[in-house]
Amino acid sequence: TEFFKVLKGKQFEGYSVTHWHPELKTKASRDFVRVYQNKFGRVPNDTSVLAYDFMNFFITTILNSSSLNRESLDTALASSKSFVGVTGRYQMTAN
């Protein structure tokens, strides 16, 4: 995988846990993998899909903001209750 390419042959012992896999059978996941592969010529990893979900959440927040200043963006972020992305549904709380 891509992680081991970064190591360039160095030994590594450990594991990684993620909540998304490119073979996830949801429509959103299948669509994301297809579009990503067509654009970049490789299967996306969990970092790619999390970045994609975050940017979609943040762009939605910006579009729902009353103005493009810090206070309005803070208010829009604080009022966000949920978001549905490729990786699933996110529920926001005050904490």
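Preceding block: the structure.
The model shown is predicted, which means the values in this text are computed figures rather than measured ones.

Draft legend 1. Just helix α2 (residues 27–40), in detail. Counted at 1.5 Å a residue, the expected span for α2 with its 14 residues is 20 Å, and the 20 Å between its end C-alpha atoms agrees. Buried residues of α2: Ser29, Phe32, Val33 and Tyr36, and no others. Down the axis, α2 shows its buried residues gathered within 95 degrees of arc, on one side only. Away from the buried face of α2 by more than 90 degrees, exposed residues Lys27 and Asn38 are located. Taken together, the buried residues of α2 touch α3 (46–64). Trailing α2 by a residue or two, Gly41 shows a phi angle of about 75 degrees, which is positive.

Draft legend 2. Local environment of the packing of α3 against helix α4 (residues 70–79). The N-to-C vectors of α3 and α4 enclose an angle of 120 degrees; their axes lie 9 Å apart at closest approach. Taken together, the axes of α3 and α4 are oblique relative to one another. As α3 runs across α4, the sense of the crossing is right-handed. Contacts between α3 and α4 involve Phe57, Phe58, Thr61 and Ile62 on the former and, on the latter, Leu73, Ala76 and Leu77. When its residues are assigned to classes, the contact of α3 with α4 shows six nonpolar, one polar and no charged.

Draft legend 3. Geometry of the packing of aromatic side chains. If you walk through the whole model with that rule in mind, you get six aromatic pairs. Taking 6.2 Å as the distance between ring centres and 80 degrees as the angle between the ring planes, the aromatic pair formed by Trp20 and Phe32 counts as edge-to-face. With a gap of 12 residues between them, Trp20 in the loop between α1 (2–7) and α2 and Phe32 in helix α2 connect regions that are remote in the sequence. Between Phe54 and Phe58, the ring centres sit 5.8 Å apart and the planes meet at 10 degrees, which makes this aromatic pair stacked. Placement of the pair is Phe54 and Phe58 together in helix α3, with a separation of four residues, close to one helical turn. Note on Phe54: relative accessible area 45%, which makes it partly exposed.

Criteria and thresholds
- Each chain has its residues counted from 1, running along the sequence as written.
- Under the rules for a predicted model, residues below a pLDDT of 70 receive no local features and side-chain atom pairs below 80 are neither given nor counted, while totals for whole chains, interfaces and linings still include all residues.
- Only hydrogens and water are removed before side-chain values are computed, so all heavy atoms of the structure are retained for them.
- Strands are runs of DSSP state E lasting at least two residues, helices are runs of H or I lasting at least four, and both sets are numbered from the N terminus onward.
- Expected span, for any helix, means 1.5 Å times one less than how many residues it has.
- Residue burial is assigned from relative accessible area. The probe radius is 1.4 Å, only protein chains are included, and a residue is buried under 20% of its type maximum, exposed over 50%, and partly exposed in between.
- This arc is taken over the directions from the axis of the helix to the C-beta atoms.
- Whether two residues are in contact is decided by their heavy atoms: any pair within 4.5 Å suffices.
- To get an axis, a line is fitted to the C-alpha atoms, and for a helix only the part in contact is used. The angle between two axes follows their N-to-C directions and goes from 0 to 180 degrees.
- When describing relative orientation, an angle under 35 degrees is termed roughly parallel and one over 145 degrees roughly antiparallel, while 65 to 115 degrees is termed roughly perpendicular and anything else oblique.
- We call a crossing left-handed when the near helix sits turned anticlockwise from the far one by less than a right angle, and right-handed when that turn is clockwise.
- Under the convention adopted here, Pro, Cys and the residues Ala, Val, Leu, Ile, Met, Phe, Trp and Tyr are nonpolar, Asp, Glu, Lys and Arg are charged, and Gly plus all remaining residues are polar.
- Two aromatic rings, drawn from Phe, Tyr or Trp (for Trp, its six-membered ring), form a pair once their centres lie within 6.5 Å of each other, and the interplanar angle then sorts them: stacked below 30 degrees, edge-to-face above 60, tilted otherwise.

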